[in-house]
Amino acid sequence: MPELPEMETYRQQLTRLIIGVPITGIVVTRPKSLNVDPEVFAKKLIGNRVVRMERRAKHLLFHLATGEILLLHLMLGGWMFFGTQEEQPDRTFQVDIQFGVNRLCFIGLRLGYLHVHTPEAAYTLLQKLGPEPLELSFIQFQNVLRPKRGILKVTLVDQTFLSGIGNCYSDEICFEAGLLPLRKISTLTGNEQLQLYQAMQALLREAIAVGGYMEEPLFVGDRLTGQYNPKCRVYDRKDEPCLRCGRSIIQIEVSSRKCFYCTYCQK
Ligand SMILES: [Zn+2]
């Protein structure tokens, strides 16, 4: 599932591709992905333009010239591709937005959604999310950490605690911080809290800089998307050698989520 760095990569790349370009067509193959009838959706979009792209947690907000917002959440298995009809990947898409003469933005939304909202409604929906991890000071991080009693891994992926971190980066952050994902939050010392905070900042910034871990390119010739994948420290590396100590990476299940770590490097 795309997480903060993947959605930030989409935001940055789409900003260069679609801002100001008139929307000229809409295809919807799964009306349930929308919150209005496809005809209403098309009427709101055709002739409109995206004037700004914003990311909040794992959501993208397409700000339209008419003031409304398209709120996108890709969820598990979601993807996007931007290009011509000929370049269209051999995958099932649920919504396709045409920009200008012949550029199409295909959106795979098997479980995800693309909803149209007024700005007030969109920001009200996003209010329940926890703070953005990259916008927190260490003091603020300690404040959101203080009331938490759960396990580190489960807390990191809880979107009401911090928003945007999922299965991949929670494991990566724990490794970078040298902390076992099964540690109880309440047992973390002040120094370990700082290690966790610094690891989270460094790792998310690194992942954004190299386009996240999901490898499908956004457009033909996209050399950025997915460059974090070969850099993954522990995620999806079961039985492979730890990059620090060479011992095998362990995979367990925590609250029905995959969890990867090194028993030697993480305490
Ligand atoms: Zn190790």
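Residues numbered from 1 in each chain as written. Predicted model: local features only at pLDDT ≥ 70, side-chain atom pairs only at ≥ 80, totals over all residues. Heavy atoms only, no water.

A.B. asks: I'd like to hear about the environment of Glu6, residue by residue, with values.
C.D. replies: In this fold, Glu6 is placed in helix α1 (residues 4-18). According to the relative accessible area criterion, Glu6 is buried, its value standing at 4%. Sequence separation between Glu6 and Gly211 is 205 residues, and the spatial gap between their C-alpha atoms is 6.5 Å. In this view, Glu6 contacts Tyr169, Gly212, Tyr213 and Met214; residues no more than four positions away in its chain are not counted. (Helix = DSSP H or I, 4+ residues; strand = E, 2+ residues; numbered from the N terminus. Buried < 20%, exposed > 50% of the residue type's maximum accessible area, 1.4 Å probe, protein only. Contact = heavy atoms within 4.5 Å.)

A.B. asks: Give me the domain arrangement of the chain: which residues, what numbers.
C.D. replies: Looking at the assigned domains, one finds that the chain contains domain 1 (4-126) and domain 2 (133-261). Summarising the inter-unit geometry, the C-alpha centres of domain 1 and domain 2 are found 28 Å apart. With 19 residues of domain 1 at the contact, the number on the domain 2 side is 23 residues. Roughly 1,700 Å² of surface becomes buried between domain 1 and domain 2 when both sides are summed, with 66% attributable to carbon and sulfur atoms. Broken down residue by residue, the surface that domain 1 buries against domain 2 is led by Leu4, Glu6 and Gln13, which jointly contribute 32%. Here domain 1 is connected to domain 2 by zero salt bridges. Scanning the region where domain 1 abuts domain 2 turns up seven residue pairs in polar contact (both at pLDDT 80 or more). (Domains from an automatic or database assignment. Buried area = accessible area lost by both parts, 1.4 Å probe. Salt bridge = Lys/Arg side-chain N within 4 Å of Asp/Glu carboxyl O. Polar contact = N/O pair within 3.5 Å; in protein donor to acceptor, adjacent residues only side chain to side chain.)

A.B. asks: Describe the packing of helix α4 (residues 138-145) against helix α7 (residues 190-209), with residues and values.
C.D. replies: Orientation of α4 relative to α7, taken along the N-to-C sense of each, is 115°, at an axis distance of 10 Å. When the axis of α4 is compared with that of α7, the two are roughly perpendicular. Of the two elements, α4 crosses α7, and the hand of that crossing is right-handed. Where α4 approaches α7, its residues Phe138, Phe141, Gln142 and Leu145 are matched on the opposing element by Gly190, Gln193, Leu194, Leu196, Tyr197 and Met200. A breakdown of the residues in the contact of α4 with α7 according to their chemical character gives seven nonpolar, three polar and no charged. (Axes fitted to C-alpha atoms, helices over the stretch in contact; angles between N-to-C directions. Parallel < 35°, antiparallel > 145°, perpendicular 65-115°, else oblique. Left-handed = near helix turned anticlockwise from the far one by under 90°. Nonpolar A, V, L, I, M, F, W, Y, C, P; charged D, E, K, R; others polar.)

A.B. asks: Go over the sheet that holds strand β1 (residues 23-28), please, and point to the residues and values.
C.D. replies: Reading across from one edge, β1-β6-β7-β5 is the order of the four strands in this open sheet, with antiparallel pairing throughout. In the strand order of this sheet, the two ends are held by β1 and β5 (79-83), each with one partner. For this sheet the average axis-to-axis angle between neighbouring strands, irrespective of direction, equals 15°. Direction of pairing for β1 relative to strand β6 (residues 95-99): antiparallel, over a ladder of five bridges. Across the sheet, Val27 pairs through a bridge with Asp96, a residue of β6. Where α1 meets the sheet, it contacts β5, β6 and β7 (103-108), and its direction lies at approximately 25° from that of β5. Here helix α2 (residues 38-45) sits on the sheet in contact with β1 and β6, set at roughly 165° to β1. (Pairing = 2+ DSSP bridges.)

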